[in-house]
Amino acid sequence: MKLGIGLLGAGFMGKAHSHAYRSITTYLGTEVVPDLVAIYSRNKDRARNAMKRYGYRRFYTEWRDLIRDEEIEVIDNSLPNFLHKEPSIEAIELGKHVTCEKPLARNLEEALEMVRAANRSGVTHGVIFNKRWFPGVQLAKKLLREQVLGKVTGFRFAYHQDWGLSSDTSSWRFKRELAGYGVLGDQGSHVIDLVHFLIGKIRRVLAKAKRVRGADVEDYIVLLTETKEGAVGTIEVSRVSPGRKNYLIFEIYGEEGSLYFNMERLNELWIYIRDAPEISGFR
Ligand SMILES: NC(=O)c1ccc[n+]([C@@H]2O[C@H](COP(=O)([O-])OP(=O)(O)OC[C@H]3O[C@@H](n4cnc5c(N)ncnc54)[C@H](OP(=O)(O)O)[C@@H]3O)[C@@H](O)[C@H]2O)c1
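Fair warning: this is a prediction, and the values are worked out from it, not measured in the lab.

Structural notes on the overall build of the protein chain
For the protein chain, the count of helices and strands is nine helices and 13 strands. Relative to the compact-globule value of 19 Å for 283 residues, the protein chain shows a C-alpha radius of gyration of 20 Å, a close match. By its C-alpha atoms, the protein chain is 60 × 50 × 40 Å across when sized along the principal axes.

So, helix α1 (residues 12-28)
With 17 residues, α1 should reach 24 Å at 1.5 Å per residue; the first-to-last C-alpha distance of 23 Å fits that figure. In the structure, α1 departs most strongly from a straight axis at Arg22, where the bend amounts to approximately 40°. Within the sequence span of α1, burial applies to Gly14, His17, Ser18, Tyr21 and Ser23. On its buried side, α1 packs onto β1 (2-8), β2 (33-40), α2 (44-54), β4 (74-77), β5 (97-101) and β6 (125-128). Within two residues after α1, Gly29 carries a phi angle of roughly 60°, on the positive side.

Overview of the sheet that holds β1
Read from one edge of the open sheet, six strands run β3-β2-β1-β4-β5-β6, paired in parallel fashion. Lying at the two open borders of the sheet, with one neighbouring strand each, are β3 (58-60) and β6. Each strand axis lies, on average, 25° off the axis of its neighbour in the sheet, ignoring direction. Helix-sheet contacts for helix α4 (residues 85-93) involve β1, β4 and β5, and the interaxial angle to β5 is about 165°.

Side note on the site of the ligand
Lining the immediate environment of the ligand, one finds 23 residues, of which Ser41, Arg42, Arg46, Asn81 and Arg173 sit closest. Asn81 has a polar side-chain atom sitting 2.6 Å from an oxygen atom of the ligand. Side-chain polar atom of His84 to an oxygen atom of the ligand: 3.0 Å apart, as the coordinates give it. About the coverage of the ligand: the protein hides 85% of its 890 Å² of free accessible area. Tallied by class, residues from the shell around the ligand come to ten nonpolar, seven polar and six charged. Shared between two domains, the shell around the ligand holds at least three residues of each, these being domain 1 (2-128) and domain 2 (131-273).

Notes on the environment of Val115
Along the polypeptide, Val115 turns up in helix α5 (residues 108-121). The spatial distance from the C-alpha of Val115 to the C-alpha of Leu248 is 28 Å, given a sequence separation of 133 residues.

Some details on the domain arrangement of the protein chain
Partitioning the protein chain into structural domains gives domain 1 (2-128) and domain 2 (131-273). The gap between the C-alpha centroids of domain 1 and domain 2 is 26 Å. Taken together, the contacts link nine residues of domain 1 with ten residues of domain 2. Summed over both partners, the interface of domain 1 with domain 2 buries about 780 Å², with 57% contributed by carbon and sulfur atoms. Taken together, the links from domain 1 to domain 2 amount to zero salt bridges. Here domain 1 is connected to domain 2 by four residue pairs in polar contact (both at pLDDT 80 or more).

Remarks on the pairing of β6
Relative to β6, β5 runs parallel, the two sharing four bridges. Bridge assignment links Thr99 to a residue of β6, and that residue is Gly126. In this fold, the crossover linking β5 to β6 by way of α5 has right-handed handedness.

Rules of the game
- Residues numbered from 1 in each chain as written.
- Predicted model: local features only at pLDDT ≥ 70, side-chain atom pairs only at ≥ 80, totals over all residues.
- Heavy atoms only, no water.
- Helix = DSSP H or I, 4+ residues; strand = E, 2+ residues; numbered from the N terminus.
- Rg over C-alpha atoms; globule rule 2.2 N^0.38 Å.
- Expected span 1.5 Å × (residues − 1).
- Bend = angle between axes of the 7 residues up to and from the residue.
- Buried < 20%, exposed > 50% of the residue type's maximum accessible area, 1.4 Å probe, protein only.
- Contact = heavy atoms within 4.5 Å.
- Pairing = 2+ DSSP bridges.
- Axes fitted to C-alpha atoms, helices over the stretch in contact; angles between N-to-C directions.
- Near = heavy atom within 4 Å.
- Polar contact = N/O pair within 3.5 Å; in protein donor to acceptor, adjacent residues only side chain to side chain.
- Areas by Shrake-Rupley, 256 points an atom, 1.4 Å probe, with all protein chains shown as cover.
- Nonpolar A, V, L, I, M, F, W, Y, C, P; charged D, E, K, R; others polar.
- Domains from an automatic or database assignment.
- Buried area = accessible area lost by both parts, 1.4 Å probe.
- Salt bridge = Lys/Arg side-chain N within 4 Å of Asp/Glu carboxyl O.
- Right-handed = clockwise from strand over helix to strand, strands pointing away.

Spelled out as C-alpha cells, the structure:
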C-alpha cells in the first residue's frame, strides 16, 4: 500500500527523513510504501535540487500549496520550531496525518493547540523522538518493563555536542522568538523524552541554564529532577562541549541492577544484575 508523503523542509532533517522514507521498506519490510510526492523549500533552486536528489515527484515553494496537494496523505513537518504550529494545524484541518519534528512547539500553549486540533480531527499524529528506537534503548525499555532492575532509584543522563561553539548565532536556533528554547529544546527534548519513556514522568525539576554564545537562549543546562515514582536523577545538556559530536549517555540504577548506554557505542547496552553471582561487574 502506498502512502503519499509531503515533506516540509529541505534542511538537515529534510535530508534525514527522505533517506529514511527511501530505505524503510528495504530494512523493515513494511507493507506500507512511502510515496514521495512533494518537498517544500522557500527557494526554487533548493526545492528543485532536493526533489531530484531525494526522489520526490514535484516541489513547492509555498508550504500552503504543498499541504493542499491531494495526493499527499501525510505531512512531515521538518521546518524550524516557529513553523511547527501553523502548517501542522492547517494540514490537520485538511484531514492530513501529521508527523512533526521535536520540539513540538515553542511553548506549552502552542503544543496544546496542536494536540487539541489533532485530537478533534481524528488524524494520526506524532512528534519525532527517534532516539527511542535504537536497539539498545528498546532493550533497556524491555528490561525496565520486566522489572529486571527492580525499583528504579536514580539516573544520570547527559547529551553533549559542540556544534554550538562554531555556529552562526544569526540562525533561528539561537533566537528565543523562533526556537522557543536553546539546547533544552534541541537535544534536551530528546533526553526528557527518554526519561519519560524509560523511567517515568518528571514531576519536579530544579535547573540552572547558561548562555555561552551571547544569544538569548541557553547553550548549557543542568537539571536536577524527580519522577512521579520518586526516582531522582540529573540531566546535563550542552551544545558547547568541545570534542563531543553526539555524546548521549544514560545510567539507570535500580534496587536489583543497573543499565548504561552510550550513543557513540550504539549497539551496546551495559547491564549489571545483582542476583547473578557468576558476574561481578557490568556485561
Ligand atoms: N530528531 C532529531 O534528531 C532532530 C535533529 C535535528 C533537528 N531536528 C528538528 O528538525 C527541525 C528542522 O531542523 P533542521 O536541522 O532540519 O533545520 P535546518 O537545517 O535549518 O532546515 C530547516 C529548513 O526549513 C526551511 N525553512 C522554511 N522557512 C524557513 C524560515 N522562515 N526560516 C528558516 N528556515 C526555513 C529551510 O529551507 P529553505 O531555506 O530552503 O526554505 C531549511 O531547509 C527543527 O524543529 C529541529 O529541532 C530534529
